[in-house]
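The lines below spell out each chain.
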Amino acid sequence: MDLKKLEQITKYVVDLAKKKGADEADSIIRESKEFNVIVRLGKIESLKEAVSKSLGLRVIKDKRTAIVYTSDLEEKSLKKLVSDGIELVKYSDRDEFSTLPDKSELGIAKGDLKNFDSNVEKISSEKKISMAKEAEEASFAFDKRITNSGGSSFSTAISGMALSNSQGFSGSFSSTGSSLSVSMIADDLESEVKGKKQRGWWYTSNPFFDKLEKPQDVGKKAAKRTIMFLGARKVKTRQAPVLFDQFIASNLLSFLSSLVSGESIYRKMSIFVDKLGKKVGSEFLNVVDDGLMSRGFNSRPFDGEGVVSRKNVIFENGVLKTYLLNTYSAKKLGLKTTGNASRSIAGRPGVGISNFYLINGNISEKDLIGEVKDGLYLMETMGAGVNPVTGDFSVGALGMWIENGKILYPVSEITIASNINGMLNNILGLGDNLEFRGAYASPSLLIDKITVSGK
């Protein structure tokens, strides 16, 4: 992957767009090499390897914007692409906020973010397939009640991005990722609900291949997590504390990030409209988005518009400190970009996270469980019943029931419901088990006064 060459191509396209009459322009190239294998019952069910390279161009003229893109990077095609963009922009509506970032905001963060592993490209296809098979085999071997497989998947990705704009910015960076996941199915052969099946999973993911968990360990954990749900029952409807495990808590953070997105704010589609600088949660609510995290899954020296990356404090002791902003949403709101522009080849810059996480607590998950007299340990959710405008939250759930500080039995076919405002203010404690398995991360999270609906 020749990043300097990719930069030169984007710069050529931007310069050509300016010569053709664009007021402003920026161009992005993404190049990737991806591998994925899915093994089920010991046989390869799907095997894919793809190499792609595409270029996108944003043209701004008279405050009108057009986006054009291509996967043909020959000079003749690039010239036609620029001409198409200049022609297309005439038909776009004027928007006073359509512009590139201010020149003073552009830049490339210094230092090695350490999210590129040169070894990923050297892993043979045979090795990747073998790891997927080993994980599934380990699940089956763990317990005879594991009777079926939802599949074992191994993936790698090597990605590069180059960006240039008419403000004089030009930069590039690359990253890697590897992951192994297993989904298994167990039959209940013993309890009073004999014959009822349960599904469970486990996964490992890291920018560095040698940091992945061993396939045997991934398989065993998937099997253990599946079996523990056998014999699950409903519970009576009640209001109770719910302990979100670190994975489900991460999913909650994903929803939270959409609520603080500048796009949601200027569109008036968030409970956090006009809440900047105000207390919206408990003292436990401390959330950061860090684009400069060493070995972070989504670390980058600059964002999708060339704005230098940074570490943003989103919530501090329950106070909303900033929204996530790209240039457009910042100008719409009369604020400054936070370096959170996301970018696809075929669209305008959006708003996205880098590494978005809840700061770690100082109590073990075991001790958090010990604090619960009668409540739910939440391990799975189903559906996405969340209203961003009202904050109403309702999802299907699966987990373990806690009584007097001890996990007693699995529960299923239940629903948990609350309101995001209430949830953020009713946080009782945080675990000390913050662990990054993706761009979102959270420790275990104990929240009071959630309605658990069963029977």
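Residues numbered from 1 in each chain as written. Predicted model: local features only at pLDDT ≥ 70, side-chain atom pairs only at ≥ 80, totals over all residues. Heavy atoms only, no water.

Asker: Tell me about unusual backbone geometry, and name the residues and values.
Answerer: Positive phi is not limited to glycine here, since Asp274 has a value of about 65°. Summarising the element assignment, Asp274 is placed in the loop between α6 (262–266) and β8 (287–290). Here the phi dihedral of Asn404 falls at roughly 50°; this positive angle occurs in a residue that is not glycine. (Helix = DSSP H or I, 4+ residues; strand = E, 2+ residues; numbered from the N terminus.)

Asker: Describe in detail the pairing of strand β14 (residues 374–386), supporting the description with residues and values.
Answerer: Two strands pair when backbone bridges link them, and strand β7 (residues 238–244) and β14 are joined in this way by three bridges, in the parallel orientation. Looking across to β14, one finds that Phe244 is bridged to Leu378. Of the pairings in the sheet, the one linking β14 to strand β15 (residues 392–403) comprises ten bridges and is antiparallel in character. Within β15, the residue paired with Glu380 across the bridge is Leu398. (Pairing = 2+ DSSP bridges.)

Asker: So what's going on with the environment of Ile86? Which residues, and what values?
Answerer: Take Ile86: it is sitting in helix α2 (residues 75–88). With relative accessibility at 14%, the residue Ile86 sits in the buried group. In this structure, the C-alpha to C-alpha distance between Ile86 and Gly262, residues 176 residues apart in sequence, is 29 Å. Ignoring sequence-local partners within four residues, the contact set of Ile86 consists of Ala17, Lys20, Gly21, Ala22 and Val59. (Buried < 20%, exposed > 50% of the residue type's maximum accessible area, 1.4 Å probe, protein only. Contact = heavy atoms within 4.5 Å.)

Asker: Break down the side chain of Thr327 for me, with residues and values.
Answerer: Inspection of the secondary structure puts Thr327 in helix α7 (residues 327–333). When residues no more than four places from it in sequence are discounted, the contact partners of Thr327 are Thr99, Leu100, Pro101, Glu305 and Thr337.

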